[in-house]
Amino acid sequence: MSAQLRRPDPGGASNPFADSPRLAQLAALTRPELEAVQLRKLRRQLQRLHASSDYYRTRLDAARLDPGALTTLDAFRQQFPLSGKADFMADQTEHPIFGQRLGIQGDQVALVTMTGGTSGKGQEIYGRSQRDVHMLGHLHALPWVLAGLRPGDIAINCVPAGGLTTGGWGPGEGLRIIGATAFHVGGTLSTDAKIDLMLGIRDVNFIYASTNYLHTLTEGLLRRGIEPREAFPAMRTLFIAAEGYPVEWAERIETLWGCRLQEGYGSTQCVGFGGSTCADGVLSPTGGRGLMHLFEWETMFEVLDPHTLAPVASGEMGELVVTNLAIEGSPAIRFRTGDAARFVSHQDTGSGRAWNAIECGTIGRFDDMMKIRGNNVWPAAIDAAVFAHAEIADYAGRVYTSADSKTEIEVRIAFAAHAEPAEDAARDHFIQSVRAAIKERTNVWMTVIVCDRESLPEFSYKARRWRDERQQGYRL
Amino acid sequence: VGSVHNAAEKTAQDHQILGDMLVQADRLCRSRDPLLKGQFRHLRDRIAALLDLTAPLVSDETAPLASSETAP
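Residues numbered from 1 in each chain as written. Chains lettered and ligands numbered in written order. Predicted model: local features only at pLDDT ≥ 70, side-chain atom pairs only at ≥ 80, totals over all residues. Heavy atoms only, no water.

Honestly, the packing of helix α3 (residues 31-52) of chain A against helix α4 (residues 54-62) of chain A in this entry has me stumped. Any pointers?
Pairs of packed helices are described in terms of their axes, by the angle between the two and the distance that separates them. Residue and element names in this part refer to chain A. The geometry of α3 relative to α4 is characterised by a closest axis approach of 6 Å and an angle of 115 degrees between their N-to-C directions. The angle between α3 and α4 places the two elements in the roughly perpendicular class. The way α3 lies across α4 gives a crossing that is left-handed. Facing Leu-46, Leu-49, His-50, Ala-51 and Ser-52 of α3, the residues of α4 in contact are Asp-54, Tyr-56, Arg-57, Leu-60 and Asp-61. When its residues are assigned to classes, the contact of α3 with α4 shows five nonpolar, two polar and three charged. (Axes fitted to C-alpha atoms, helices over the stretch in contact; angles between N-to-C directions. Helix = DSSP H or I, 4+ residues; strand = E, 2+ residues; numbered from the N terminus. Parallel < 35°, antiparallel > 145°, perpendicular 65-115°, else oblique. Left-handed = near helix turned anticlockwise from the far one by under 90°. Contact = heavy atoms within 4.5 Å. Nonpolar A, V, L, I, M, F, W, Y, C, P; charged D, E, K, R; others polar.)

Please clarify how the packing of aromatic side chains should be interpreted in this entry.
In this description, a pair of aromatic rings is defined by centroid distance and the angle of the planes. Residue and element names in this part refer to chain A. Inspection of every chain in the model, using the stated rule, returns 23 aromatic pairs over all chains. Seen in terms of ring centroids, Tyr-55 and Phe-88 are 5.9 Å apart; in terms of plane orientation they differ by 75 degrees. Their pairing is edge-to-face. You can see Tyr-55 sitting in helix α4 and its partner Phe-88 sitting in helix α6 (residues 85-94), a full 33 residues away along the chain. According to the relative accessible area criterion, Tyr-55 is buried, its value standing at 9%. The class of Phe-88 is buried, set by a relative accessible area of 0%. Pairwise contacts between aromatic rings join Tyr-55, Tyr-56, Phe-76, Phe-80, Phe-88, Tyr-126 and Phe-335 into one cluster. It is Arg-101 that lies over the ring of Phe-88; its NZ or CZ is 4.1 Å from the centre. Lying across the ring of Tyr-400, Arg-398 places its NZ or CZ 4.0 Å from the centre. (Phe/Tyr/Trp six-rings, centres within 6.5 Å; stacked < 30°, edge-to-face > 60°. Buried < 20%, exposed > 50% of the residue type's maximum accessible area, 1.4 Å probe, protein only. Lys NZ or Arg CZ within 6 Å of the ring centre and 35° of its normal.)

Just to check I follow, could you spell out helix α2 (residues 37-53) of chain B for this structure?
Since one α-helical turn is 3.6 residues long, residues separated by three or four positions face the same way. Its 17 residues place the ends of α2 of chain B 24 Å apart at the C-alpha level, agreeing with the 24 Å of an ideal helix rising 1.5 Å per residue. Three or more residues of α2 of chain B are buried, namely Phe-40, Arg-44, Asp-45, Arg-46, Ile-47, Ala-48, Ala-49, Leu-51, Asp-52 and Leu-53 of chain B. (Expected span 1.5 Å × (residues − 1).)

Would you explain the pairing of strand β4 (residues 181-184) of chain A in this entry?
Remark: a regular strand shows side chains that alternate across the two faces of the sheet. One ladder, built from four bridges, connects strand β3 (residues 154-157) of chain A with β4 of chain A; its direction is parallel. Bridged to Asn-157 of chain A within β4 of chain A is His-184 of chain A. (Pairing = 2+ DSSP bridges.)

What's the story with the nonpolar core in this structure? I'm lost.
A general trend in soluble globular proteins is that nonpolar side chains are found buried together. Residues and elements named next belong to chain A. Of all hydrophobic cores here, the largest spans 64 residues; its most connected members are Ile-207, Leu-214, Met-235, Leu-238, Trp-257 and Leu-261. Considering every element that reaches this core, the biggest residue donor is helix α12 (residues 247-257), with five residues. If we skip the residues at most four places from it in the chain, Ile-207 touches Ile-156, Cys-158, Met-198, Leu-217, Met-235, Thr-237, Leu-238, Phe-239 and Trp-257. In terms of nonpolar packing, the next biggest core, distinct from the first, is built from 30 residues, Val-37, Leu-139, Leu-175 and Cys-278 among them. (Core = buried A, V, L, I, M, F, W, Y, C linked by side-chain atoms within 4.5 Å.)

How should the side chain of Gln-25 of chain A be read in this particular structure?
Relative to the helices and strands, Gln-25 of chain A is located in helix α2 (residues 21-28). Engagement of the side chain of Gln-25 of chain A in a polar contact is seen with the side chain of Thr-11 of chain B, the distance being 2.7 Å. Once residues within four sequence positions are removed from consideration, Gln-25 of chain A is found in contact with Val-4, Ala-7, Ala-8, Thr-11 and Leu-57 of chain B. (Polar contact = N/O pair within 3.5 Å; in protein donor to acceptor, adjacent residues only side chain to side chain.)

Teacher, can you tell me more about the environment of Gly-116 of chain A here?
Along the chain, Gly-116 of chain A falls in the loop between β1 (111-114) and β2 (125-128). Remark: the alpha-carbon pair of Gly-116 of chain A and Leu-164 of chain A, spanning 48 residues in sequence, is separated by 8.5 Å.

Help me understand the pattern of salt bridges, please; the structure alone is not making it clear to me.
Close approach of charged atoms allows side chains with opposite charge to pair. Counting across every chain of the model gives 32 salt bridges over all chains. Across the pair Arg-44 of chain A and Asp-52 of chain B runs a salt bridge whose closest N-O atoms are separated by 2.8 Å. You can see Arg-44 of chain A sitting in helix α3 and its partner Asp-52 of chain B sitting in helix α2, one on each of two chains. A residue is classified by how much of its surface remains accessible, and Arg-44 of chain A, at 10% relative accessible area, is buried. Accessibility expressed as a relative area gives 7% for Asp-52 of chain B, which makes it buried. (Salt bridge = Lys/Arg side-chain N within 4 Å of Asp/Glu carboxyl O.)

So what exactly am I meant to see when it comes to the sheet that holds strand β20 (residues 466-469) of chain A here?
Each strand in a sheet pairs with its neighbour through backbone hydrogen bonds, running either in the same direction (parallel) or in the opposite one (antiparallel). Residue and element names in this part refer to chain A. Strands sit in the order β19-β18-β17-β20 across an open sheet of four strands; the sheet is mixed. Sheet topology places β19 (447-450) and β20 at the edges, where each strand pairs with a single neighbour. Within this sheet the neighbouring strands show an average axis-to-axis angle of 20 degrees, counted without direction. As judged from the four bridges shared by strand β18 (residues 407-415) and β19, these two strands associate in the parallel manner. Across the sheet, the residue bridging to Arg-412 is Ile-449, located in β19.

Hey, could you run me through the interface of chain A and chain B in this one?
Interfaces are often sized by the amount of accessible area the parts lose when they come together. Counting residues at the interface gives 27 residues for chain A and 29 residues for chain B. For the pairing of chain A and chain B, the buried interface totals around 2400 Å² over both sides, and the portion due to carbon and sulfur atoms is 55%. Looking only at chain A, the three residues that lose the most surface to chain B are Arg-22, Arg-40 and Arg-131 of chain A, adding up to 29% of its buried area. At the junction of chain A and chain B, the tally comes to three salt bridges. Here chain A and chain B share eight residue pairs in polar contact (both at pLDDT 80 or more) between them. (Buried area = accessible area lost by both parts, 1.4 Å probe.)

In structure tokens form, the structure reads like this:
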């Protein structure tokens, strides 16, 4: 879709800054004012942690930082040491359950969450106070109100609720404190059952889903011959998180649903969302990718070169480092997330606000990278190449060692309903087009084969499309 | 500019109300009723979070943190 084509109207999300006096105040902050808020909150946070957390007191003392005498953010950024997953894991191993970073009394822990464990390096444990639980809700409500959700709206939450993850509890808290009527369908209903429920409701205003699951839901509707924009005329906002996507996919989703696609960046360490597209959507008005504007008065962000640890320039990719300014239980202070994002300075966002931003649709993981034939390959890059083809419903990939000890990469694609070319020649041409798109983005030729849609796994939250089986090939 | 100023005034009023409520909620938290004590605590800390969320943005010093530590 070209920039000239008319995008869906943002509807109720047209100007959240006019609707909310508090948002208007935050939008009016100058950069020095915003940084003054950060400094005051940071000083307060560090003073509290110096008194309540051995983990952080040790770090403050080693850095010779007196929280009460902290006068600049730069002094903090230059002197306070970074923490990473390994530091948190060691802390909680030496001082179970929560480690010395907890920062509140054990009997004040009202919610326990853990990271997913997908890294294979253990699960971090976080203890949150009742006050933090409200902040968890607020840090979901904030991006959703910015995106158009209003009290009384009907919301469908496709992310599995409850359990031990932050993402399992935050949406419920956020929707409750907004005053929306929420259906938490994630993980409890099949895709077809969700569709049946939504058709019965009809006046759905808001959907929250992982990028992957919004794709699955849309595909499920189309497979049943249902046009989303006709079936759900009251839909105002589709809100996604957790995974990257190609611009072409976002354009198709907006067209199919007839409303704006919005995105947020969040994590356990952010205790919800750290930034969002506000009302603007994931597509830039001038074409290409939009921006997620960071909620820097609640969470301080640095975007650093992962090797030199120097701040990256506007427009460059770097690793997100977060500092909670308003969380008291298990706060993250200068925590390396491992998340890769393209940083955009507030001066370059064109929003008129003093909030820094990161690019939509390209958040990745530094530790997701696969080294294939000497090339650094991120699954997000292959997602972008594959899903740029509207005919593809989903795919799965694997890297393995062949019988003659060569590295091979197989991409199995499944066509969307009624999208498979009837002629062999057209089908071969299509496969070559997908191969070329992958090669262009990764510098690696991969084998592309067609499979049945049913043979591919379905994910209710974050997709795990890739398996690295190379070590299995070395077994004797 | 005027609307932002009005918004700041309104938020300051909300903040004042919440500060008064926190004092009252701290009193509730002295309860020894095992059924209600936790619920009072839940209410109290929701107020504490809202107090922080409505704190003045532009000032010489922010209000002290309304933490999970209840008043003695």
